[in-house]
Each structure stands twice: as structure tokens, then as C-alpha cells.
Amino acid sequence: METSRRTVIAAAAAGLTAAGIGTAHASDGKKPVRELFGRLADGTKVHRWSLENGGTRLKVLSYGGIVQSLEIPDRHGRYRNVALGFGDLASYVASSPYFGALIGRYGNRIGKGRFTLDGTSYQLSVNDGVNSLHGGAKGFDKHVWDVEGFASGSDVGLVLHYTSIDGEMGYPGTLRAKVTYTLTRHGDWRIDYEATTDRATVVNLTSHVYWNLAGEGSGSVYDHELRIAASRYTPVDSGLIPTGELAQVAGTPFDFRRAKTVGRDIRVANQQLLYGKGIDHNWVLDKGITARPEHVATLRDPSSGRTLSIASNEPGLQFYSGNFLDGTLVGTGGHIYRQGDALCLETQHFPDSPNHPAFPSTVLRPGQTYRTSTVHTFGA
């Protein structure tokens, strides 16, 4: 029988130990701690914030709002970092495939970097073949955010601010973004996104954590069990741009309505898998857009017992199976990252929505406030 998260934390706090790895314990809810992590080429300081609560440990960089590490206990109370990342700032600047980053102004792809809004056409920064990916060549992941730590009641967290000026990466309007990372007393990691604009624009913010619940650098996640509460997905063309179809997952490798291992069907002869070199697709969540975060996916690592449950009010979930990790990057633990060594579960509106009127709208207008939330609940 699996041990509950609270039982693991209580046992560890009472003295259960494991040599060389560290054990879980309840936090005293202290305000996050800031330290200098490095400097950019222009001398700009980048800080790292460390926070802990409810048995979850989180380290976040002001550069890109990056989650450098997220540590949770296994069924025996032993901590491991379950998020891929780097040990130094230079690696994030030089070659990061969005490890742990906040993504904006538009998460995912916009076809040919173009869209039309209110009769005006806009050309965005193109950085993924002929398409725009994750906000362009210098998206929100490549800027230093203003960060403040807080401790409020039983919660601890960070408030991050970034202002994207009118015309940045081709997007109209000055967008003021606010993202709050909260660790609850139960160890949940909650992300609340907000944004306002002074001119009609499009926005789609998300988080790009690469998960490996066995621990970063431990090898493939193909044995992880995944369930996604979605009966449809958005097929793509050869450039990974949605065709506009909302296709049924039934009878395809994209059917995760019942939990199955990530790798079970990933090498099936399927044109969509060939386009993505694996899975890199958006799921149309059965719940649609909701007022509050509702459950959308569960991930489990059988070897450690660690689980991740995701709730969101977004209508889509991008599942990316780490297809482009090619053995050229060395992570925080000193291990080389290879294809399939992690996966991403990005809550979002659909890719290329500005060019598909039938998709849920991503338009934000003056006087409106963009709000969305995602909650990550961990267990063992």
C-alpha cells in the first residue's frame, strides 16, 4: 500500500532518515531567502530564491522566473529534485530549451509568426523554423523579472512582475504581467497568472517545467504512468502548427483517458508522432474553461511512488515528451539529458489560437484582466 504524503512528512519529521539523500519535513513557513546567482553580460544581477513549505522545496531564478529545482519526497521520505535544469546562469542563457521557465507573451506556437487582430496584421519574432515559439527570440523566459518574497498565513511564495513594452517581439500593447508562485502548507505549488494591457493583444502564459518524478538525471520517463482528462486533441502539420481539427484520441497513441505508461505507444507508426519526433501536442481538456482550477492530469513514477496531480482552469494541456533532448546538455546533477529524460505538462490555451477563430480566444483588451491558475499537488 502506498504511503500518504502527510504520513511521509510526519514520519520524516519524527526522525526517519535515509543516508545521503535527505528526508522530508514540515516547514516552519519562513519567508523565502534570496541569494545572488550570477550576472548577465551587461552586469544585471540574477537572484535565486529558496522557499519551502509542507514538504516541498523550491528554488526559483529571477531570470525567466525559472524553477531551477523542485524537491519532493518519495514513499520513504527521501528527497530528489524532480525538475530538469542547470547549475549555472551561463547555461540557461546559452542553451536552455526553456527549462523551468515562465513562458510569454504567447506560450506555444503561432504559425508563420503572424496573426490579424481587429483588422491589423502583426508579424512576430520567428524563432522556430518559419513559426514563432514561446513568445519569440526573446520571450519572457529570457528577461529578468522583479521578484518579491512573502509569507502569508500558512503560505509562502514569490510575486514576479514583468512589463512587456508595446511592439516587443512584434506584439501590440504594453502588457503588465504578474505571476505568483505559492507553496501551501500541504506542499502544493500553485501558479496564478495575471496580465493587463493598454491595447488589444493576445496572451497565453504558461510554465515550462520538465518533470522526472524519479529525479532529474535518472534516465527515461517512459515508465511513468500518465492520465489526461481529455477525449480530444489538436492534430498538427509538419511544423507542429494545429490544423484546426479537434480529433478524438480514441484508437490513437494520444489516448491517456486511462492511465498508461508514457512510452507504451510512443514508437507506434503514426504520422503525428513522426511530426513531433514523439509527443508534442495539445490536449483539449474535457472540462473546458472553468472558474476554478479542476483536475486535468496525473503523473506517477512507480519506482519512487511520487505522484504529480495538476489542476487548472485552462482549456488545454500541452504534453511534450522531451523529444529534442539530444545528449548535449548537462544538468544540475551532472548528468547528460537525453531524449525522453523528462516530460512537460503545460496548461494553456491552444497553440496558434489567434489564427483559428473556432479555438477559445486568447485576445486581451484594455480594461480586462487576464487571469489563470494552475495547481500542482505532490504525493508518494
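Report on the accompanying structure. (Residues numbered from 1 in each chain as written. Predicted model: local features only at pLDDT ≥ 70, side-chain atom pairs only at ≥ 80, totals over all residues. Heavy atoms only, no water.)

### Examining the pattern of salt bridges
If the charged atoms of two oppositely charged side chains come close together, the side chains can form a pair. Where we set the bar: Between Lys or Arg on one side and Asp or Glu on the other, a salt bridge is scored when a side-chain nitrogen of the former is within 4 Å of a carboxyl oxygen of the latter. Throughout this description, buried means an accessible area under 20% of the type-specific maximum (1.4 Å probe, protein chains only), exposed means over 50%, and partly exposed covers the range between.
The final tally for this structure, using the stated rule, is 14 salt bridges. Across the salt bridge formed by Arg 57 and Glu 52, the nearest N and O atoms sit 3.7 Å from each other. Between Arg 190 and Asp 192 there is a salt bridge whose closest N-O contact spans 2.9 Å. Among the residues examined, Asp 192 registers a relative accessible area of 18% and is labelled buried.

### Structural notes on the pairing of strand β3 (residues 56–61)
So the rule is basically this: Two strands are said to pair when DSSP picks up at least two bridges between them. Going along the chain from the N terminus, every DSSP run of H or I of four or more residues is numbered as a helix, and every run of E of two or more is numbered as a strand.
Strand direction decides the pairing type here: strand β2 (residues 45–53) and β3, joined by six bridges, are antiparallel. By the bridge assignment, Trp 49 is partnered in β3 with Val 60. As consecutive antiparallel partners, β2 and β3 are separated by two residues, and within that stretch Gly 54 has a phi angle of approximately 60°, a positive value. Direction of pairing for β3 relative to strand β4 (residues 67–73): antiparallel, over a ladder of four bridges. Its bridge partner lying in β4, Arg 57 is registered against Glu 71.

### Observations concerning empty space enclosed by the protein
The line we're drawing: As defined here, a cavity is a set of points on a 1 Å grid over the protein atoms alone where a 1.4 Å probe fits but cannot get out. A pocket is an open set with protein on both sides within 12 Å along at least five of seven lines, and residues line them when an atom is within 4 Å of a point. Grid points are joined across faces, edges and corners, and a volume is the space filled by probe spheres set on the points. Each residue is assigned to one of three groups, with Ala, Val, Leu, Ile, Met, Phe, Trp, Tyr, Cys and Pro labelled nonpolar, Asp, Glu, Lys and Arg labelled charged, and all others, Gly among them, labelled polar.
Under the defined criterion, the tally for this structure stands at three cavities of 30 Å³ or more. In this model, the largest cavity occupies a volume close to 90 Å³. If one sorts the elements of the lining of the largest cavity by residue count, strand β27 (residues 344–348) sits on top with four residues. Of the residues in the lining of the largest cavity, the class split is seven nonpolar, five polar and one charged.

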